[in-house]
Amino acid sequence: MKEERKAKSEIAEMSGSAALPRKSGEMVFHDDWERKSFTLAVSLSEQGLFEWHEFQSELISAIKEAEGDDPNHPSRGYFESWQASLESLLAKKLA
Amino acid sequence: MTTHNHDHANPYHESDRDEATNKAMAERVDKMEALLLEKGLVSQGALDKLADIYENDLGPMNGAKVVARAWVDPDFKKRLLEDATSAIAELGFGGLQGEHMVAKENTSNVHNVVVCTLCSCYPWPVLGLPPGWYKSFAYRSKVVIEPREVLKEFGTNVPDDVEVRVWDSSAEIRYLVIPERPEGTENLNESELAEIIERDSMIGVTKVSAP
């Protein structure tokens, strides 16, 4: 293995409810905006606007909120929660 | 072979959004992107590159570290062969979604190779994303029938007196091949060894060569 692993493990290997949606190992984006929202968050953390764990905490709360009493039927999808988390974190950081 | 069950009960796997929701979300994200680009907080080039990395380039470094440890630490290797899931967790690699890891050691008598005949079950926490050929119908169908021929296509010649074992992955069991440590690597340390262990050797289609 001579290439460097470029994907950050703190992002790629998030576990529990925050774990990135994958199918047989691959990241799954269903719609283009999901990809865009994902890369915006990763890019902003790489630029140092926030630490990844700060985003991850927001994401976990947002998913929990969407799950309510029924984790099998969340009120919105993973990336809807992702985008909501990013918006709320940005509002705090850019305020 | 166990039954394939590819529904990991992940409610986020399938998109069931209607067009209006999709359009609204797309507009919301576009608006944010435009604002961030304008403020110079992100650049288009960086965004494109990141998408590429996370979709295509999650590397198999974890697996290489596991194999390198097994090569230098016989006790670890013993634990790895007995209970790979726990041994791999010792190195801090998790993220398995309920699948069990099983390690198979290549020796001078046995060569192991891994496939998922029905689809593309793969030990992603240790090997990253599966290569395209792993998912191809040609590989999945042919490696079971003519493993030696398939190995030759990868440039791997297995002598006739070496037994070839093909392991079929499933949603419950993921295999990791421990390739043979090549001669001429006696002076390399664990992290130097990890550098020479490539993904394909841990699927079992190639051997590791000394640097």
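Within each chain, residues carry numbers counting from 1 in the order of the written sequence. Written order decides the labels, with chains lettered from A and ligands numbered from 1. The predicted nature of this model means local features are confined to residues of pLDDT at least 70 and side-chain atom pairs, given and counted, to a pLDDT of 80 or more, with totals for whole chains, interfaces and linings taken over all residues. The basis for every side-chain value is the complete set of heavy atoms in the structure, and neither hydrogens nor water enter the calculation.

Visitor: Explanation requested: the overall build of chain A in the structure shown.
Guide: Secondary structure elements are taken from DSSP: a helix is a run of H or I of four residues or more, a strand is a run of E of two residues or more, and numbering for both begins at the N terminus. When helices and strands are tallied, chain A shows 4 helices and 2 strands. Helices and strands appear in chain A in the N-to-C order α-β-β-α-α-α. Any two residues having at least one pair of non-hydrogen atoms within 4.5 Å are treated as being in contact. Excluding contacts between residues fewer than 6 apart, the proportion of contacts in chain A whose partners are at least 24 apart in sequence is 62%.

Visitor: Hey, could you run me through the state of the cysteines in this one?
Guide: Every disulfide links exactly two cysteines, by a covalent bond between their sulfur atoms. All names here are of chain B. Throughout, a disulfide means two cysteine sulfur atoms within 2.5 Å of one another. Using the criterion set out here, one finds 0 disulfides over all chains in the structure. Cys-116 provides the cysteine sulfur closest to Cys-121, a residue in no disulfide bond, and the two sulfurs are 3.8 Å apart. Working definition: with a 1.4 Å probe on protein chains only, accessible area under 20% of the residue-type maximum means buried, over 50% means exposed, and in between means partly exposed. Judged by relative accessible area, Cys-121 falls into the buried class, the value being 0%.

Visitor: Help me understand helix H4 (residues 78-93) of chain A in this model?
Guide: A turn of α-helix holds 3.6 residues, and therefore any two residues three or four places apart point the same way. In a helix, the anticipated span is given by 1.5 Å times the number of residues less one. With 16 residues, H4(A) should cover 22 Å at 1.5 Å per step; its first-to-last C-alpha distance of 22 Å lies within 8% of that length. For H4(A), the full list of buried residues reads A:Tyr78, A:Phe79, A:Glu80, A:Ser81, A:Trp82, A:Gln83, A:Ala84, A:Ser85, A:Leu86, A:Leu89 and A:Leu90.

Visitor: I would appreciate a short explanation of the packing of aromatic side chains in the present structure.
Guide: Each aromatic ring pair is specified by the distance between its two centres and by the angle formed by the two planes. All names here are of chain A. Aromatic pairs are defined between Phe, Tyr and Trp rings, using the six-membered ring for Trp, whenever the two ring centres lie within 6.5 Å; interplanar angles under 30 degrees are classed as stacked, those over 60 as edge-to-face, and all others as tilted. The full count for this structure, using the stated rule, is 15 aromatic pairs over all chains. Taken together, a centroid distance of 5.4 Å and an interplanar angle of 35° make the contact between Phe-38 and Trp-82 tilted. Pair noted here: Phe-38 is in helix H2 (residues 32-46) and Trp-82 is in helix H4, with a separation of 44 residues, a long-range link. With 5.0 Å between their ring centres and 45° between their planes, Trp-52 and Phe-55 make a pair best called tilted.

Visitor: Quick question: what am I supposed to make of the confidence of the model for chain B here?
Guide: Regions with low pLDDT should not have their predicted coordinates read in detail. Residues and elements named next belong to chain B. A residue's pLDDT is the confidence the predictor assigns to it, expressed on a 0 to 100 scale. Mean pLDDT for chain B: 85, with 86% of residues reaching 70 or above. For residues 1-14, every residue scores under 50 in pLDDT, and the model assigns this stretch 36 contacts once sequence neighbours within four places are set aside. Interface confidence for the predicted complex, given as ipTM, is 0.88, next to a pTM of 0.57.

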